[in-house]
Protein chains: 2
Amino acid sequence: MNSYQEMNTPLRTIMTPGPVEVDPRVLRAMSTPILGQFDPVFTGMMNETMEMLREVFQTKNKWAFPIDGTSRSGIEALLSSVIEPGDKVLIPIYGRFGHLLTEIAERNKAEIHTIHCEWGEVFDQEVIIEEMKRVNPKVLAVVHGETSTGCMQPLDQIGPACREADVLCVVDAVATIGGVPVKVDEWQLDAVIGGTQKCLSVPSGMAPITYNERIERILFSRKKVEKGIATADDVYAGEPIQSNYFDLSQLQDYWGPRRLNHHTEATTMLYGLREGVRIVLQEGLQARFDRHKLHEKALMEGIKAMGLELFNEVSWKLPVVTCIKIPDGIDGDAVRKMLLDQFGIEIASSFGPLHGKIWRIGTMGFSCRQENVLFVISAMEGVLVRHGAQLNTGKGLQAALDVYDSAE
Amino acid sequence: MNSYQEMNTPLRTIMTPGPVEVDPRVLRAMSTPILGQFDPVFTGMMNETMEMLREVFQTKNKWAFPIDGTSRSGIEALLSSVIEPGDKVLIPIYGRFGHLLTEIAERNKAEIHTIHCEWGEVFDQEVIIEEMKRVNPKVLAVVHGETSTGCMQPLDQIGPACREADVLCVVDAVATIGGVPVKVDEWQLDAVIGGTQKCLSVPSGMAPITYNERIERILFSRKKVEKGIATADDVYAGEPIQSNYFDLSQLQDYWGPRRLNHHTEATTMLYGLREGVRIVLQEGLQARFDRHKLHEKALMEGIKAMGLELFNEVSWKLPVVTCIKIPDGIDGDAVRKMLLDQFGIEIASSFGPLHGKIWRIGTMGFSCRQENVLFVISAMEGVLVRHGAQLNTGKGLQAALDVYDSAE
């Protein structure tokens, strides 16, 4: 009667800018039988996960915990908890995910100011700082690593300038956390959102965030304890946050010692996240960043040696995403389809003005390893030759192997 | 250097009203290596999951898919996508989760009307229908199964009355889906939210929902395609939905044939949900409902035979939650602690006016099986005797075994 079969999925080599291959240890952790949400062993794991997240974010912030949703849920939780109607928000846009910040801020009734640069460029930090001083926003929201263009916005001067001007600096580090340094305290960032399904090698479905006491003060003024569990002391003055699910003032009370019931924590995802950040710390942050740089270099050298051109070989390149210009006369989607169908390899196209113009290859987390880099280089060559491209055959793999040899 | 250990969790017998034990087949499915979000094999699984969800919801609705968040994310997605500022919403409240509906509706700027009855009671359907006619709301939002009180609100007359009055009937079936009949089409419910971590035996972290074309018409009028991926045709008139993450008009375009990128689907959670609903359909809906009734009966008979009193032995009892009055002089939390510490069994306390007055035992999904029911009965007896309660020792297990014998 029931014709649905057990899962039987192919194994893929996933070389997109996310989601990427999940570390097998994370998958194992996720097959662990669950605990109840208030089981002391489970709340202990929640606390441990917070501790480990602080290390990954390089912060001493009290608050570092996941939102139960995909990466953009973390962005929305922060922006909707901080922005009140009419608040000015400045958003520098250099790719698709800058637009997402405006989408979310707009729906929270912010007065939005944007500055733009070409997709493929980033801003001189001074340009952003000047605009910040001119607009004097409550919040400056900016993407750290734009996977849509393979570019990374430097932030080390922007954070301190915001602090000095008493502007809140909120950063989307979904693509960079765990693969590239994200120095929350050193750069004086007030709130940062990370992603699980990229450099942490955990499936999509949670969004680790961190924020400091500057953000917490706003939360406290807008706090509202849920009816049905509130006590007489729980009366606050400010306009409540427009989402219950994303209300960080309530989520704090669930992740904090009060342990006020909000949602039921996503047990299995938390197991995965805990294992994912544990593995990051076990490898060591610096060793992990170095590993990502090494495989990026091998990939770039291999791609260039076979005669393809890079789109983002710039000083502001996002190390974990390498973008390749699609050669004239080549159908980018047909190439991707053949890579998937015949090699089981997935790479990405792009969005908006770059759609059809570049391929994007991710080297993130568990996917970022030698055999994957070598396989994607050889497969690209094979597929492109099959599509009639003129390449320096045989050169790509040798160039990549040279990088690995010289690294030993 | 890194002192964090591999996960090493105790095995528990989880007899709360959720989260409950996850079916081992679901855990296995969740350890499967992931696919990319636009891999055709993965989008095929998304479609299959939609098909299976329709069967579980007993509906022909086009839309049935999960929200990537815990159960309340599904409630918020529906209410925030449907409610525009000033819309009248009627909410009958008979326990904690009715209050949650008001929390969410309030933050969407609804004009809220509530009616109340004692915790432990439900409404005569006529009372709700009369109030609905008097208030004439846009939306009637109601909880189907209140885990906080162990009561279930009949809906078979409310749905048709709403349809006739052109009122949208939105139902929180988080606790009932997969354990108790939820007849979306027959009862003429316009939108229904299910939960994963209760009778579906999937971890918390997704919220399957379904809705019909009456809801879809509202979504269409409020639609907004995200900047960065919108085309010139994508211009709509209505006030946009106040959340990007929960914007069902965008989620539809991701789950539908247009496959517009929104979030990155929570791959592993989807594997779990797919396996969970597959198992439900393999067992068969009626057989599953019968199983839940059988174990409920064994538990109730066992509890009564040992001399304890039930709080919710009423015709409107929620079959999957059995509430026990805490005997005079017994410390309810000390009993729960000893059950957990010495037997590895988790049962629940309650909220608000019932806190400290009742224990709640869930018989849901994979936790709802004979050995668990027998174990919790014998453990309750042992712990209560240890706490000085006067019980009919030895009678509880025999009464439960009698139920199982007579069922054979």
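This text follows the structure it describes.
Residues numbered from 1 in each chain as written. Chains lettered and ligands numbered in written order. Predicted model: local features only at pLDDT ≥ 70, side-chain atom pairs only at ≥ 80, totals over all residues. Heavy atoms only, no water.

### Comments concerning the interface of chain B and chain A
Then, in step 1: Contact residues are listed per partner, giving 86 residues for chain B and 85 residues for chain A.
Then, in step 2: For the pair chain B and chain A, the summed buried area comes to about 7,400 Å², and 56% of that belongs to carbon and sulfur atoms.
Then, in step 3: Connecting chain B to chain A are 4 salt bridges.
Then, in step 4: With a closest N to O distance of 2.6 Å, Asp 39 of chain A and Arg 12 of chain B form a salt bridge.
Then, in step 5: Where chain B meets chain A, there are 31 residue pairs in polar contact (both at pLDDT 80 or more).
Then, in step 6: Where the side of chain B that touches chain A is concerned, the elements lending two or more residues are helix H1 (24-30), helix H2 (40-57), helix H3 (71-82), helix H4 (96-107) and helix H9 (267-283) of chain B.
Then, in step 7: The dominant element in the side of chain B that touches chain A, judged by the number of residues it contributes, is H9 of chain B, at 9 residues.
Then, in step 8: Among the residues forming the side of chain B that touches chain A, the class breakdown is 34 nonpolar, 28 polar and 24 charged. (Contact = heavy atoms within 4.5 Å. Buried area = accessible area lost by both parts, 1.4 Å probe. Salt bridge = Lys/Arg side-chain N within 4 Å of Asp/Glu carboxyl O. Polar contact = N/O pair within 3.5 Å; in protein donor to acceptor, adjacent residues only side chain to side chain. Helix = DSSP H or I, 4+ residues; strand = E, 2+ residues; numbered from the N terminus. Nonpolar A, V, L, I, M, F, W, Y, C, P; charged D, E, K, R; others polar.)

### Some details on H9 of chain B
All names here are of chain B.
Then, in step 1: Here H9 is 17 residues long and its end C-alpha atoms lie 24 Å apart, about the 24 Å a rise of 1.5 Å per residue gives.
Then, in step 2: Burial runs high along H9: 15 of the 17 residues are buried.
Then, in step 3: Where H9 terminates, the next one or two residues include Gly 284, which has phi positive at roughly 95°. (Expected span 1.5 Å × (residues − 1). Buried < 20%, exposed > 50% of the residue type's maximum accessible area, 1.4 Å probe, protein only.)

### Considering the relation of the copies chain B and chain A
Then, in step 1: Laying chain B over chain A is done by rotating through 180° and shifting 0.0 Å along the axis; what remains is an RMSD of 0.0 Å. One copy is carried onto the other by what is essentially a two-fold rotation axis. Looking at the rotation axis and the C-alpha trace of chain B, the residue lying nearest is Gly 69 of chain B, at 2.4 Å.
Then, in step 2: Of the residues that chain B buries at the interface, 99% are likewise interface residues in chain A, meaning the two copies contact each other through the same surface. (Least-squares fit on C-alpha atoms with pLDDT ≥ 70 in both.)

### Some remarks on the packing of helix H10 (residues 285-305) of chain A against helix H13 (residues 395-407) of chain A
All names here are of chain A.
Then, in step 1: Interhelical geometry of H10 versus H13 gives an angle of 150° and a closest axis separation of 7 Å. Overall, the two elements H10 and H13 adopt an arrangement that is roughly antiparallel. Crossing of H10 against H13: the hand is right-handed. Where H10 abuts H13, its residues Leu 294, His 295, Lys 297, Ala 298, Glu 301, Gly 302 and Ala 305 lie against Lys 395, Gly 396, Ala 399, Ala 400, Val 403, Tyr 404 and Ala 407. (Axes fitted to C-alpha atoms, helices over the stretch in contact; angles between N-to-C directions. Parallel < 35°, antiparallel > 145°, perpendicular 65-115°, else oblique. Left-handed = near helix turned anticlockwise from the far one by under 90°.)

### Points about the sheet that holds strand E10 (residues 207-211) of chain B
Sheet strands pair via backbone hydrogen bonds, and the direction of the pair is either parallel or antiparallel.
All names here are of chain B.
Then, in step 1: The mixed open sheet is built from 7 strands, whose spatial order is E2-E10-E9-E8-E5-E3-E4. Looking along the sheet, the strands with just one partner apiece sit at the ends: strand E2 (63-67) and strand E4 (111-116). Each adjacent strand pair in this sheet contributes to an overall mean axis angle of 20°, direction not counted.
Then, in step 2: Across 6 bridges, strand E3 (residues 88-93) lies against E4 in parallel orientation. Along E4, the bridge assignment pairs Leu 90 with His 113. (Pairing = 2+ DSSP bridges.)

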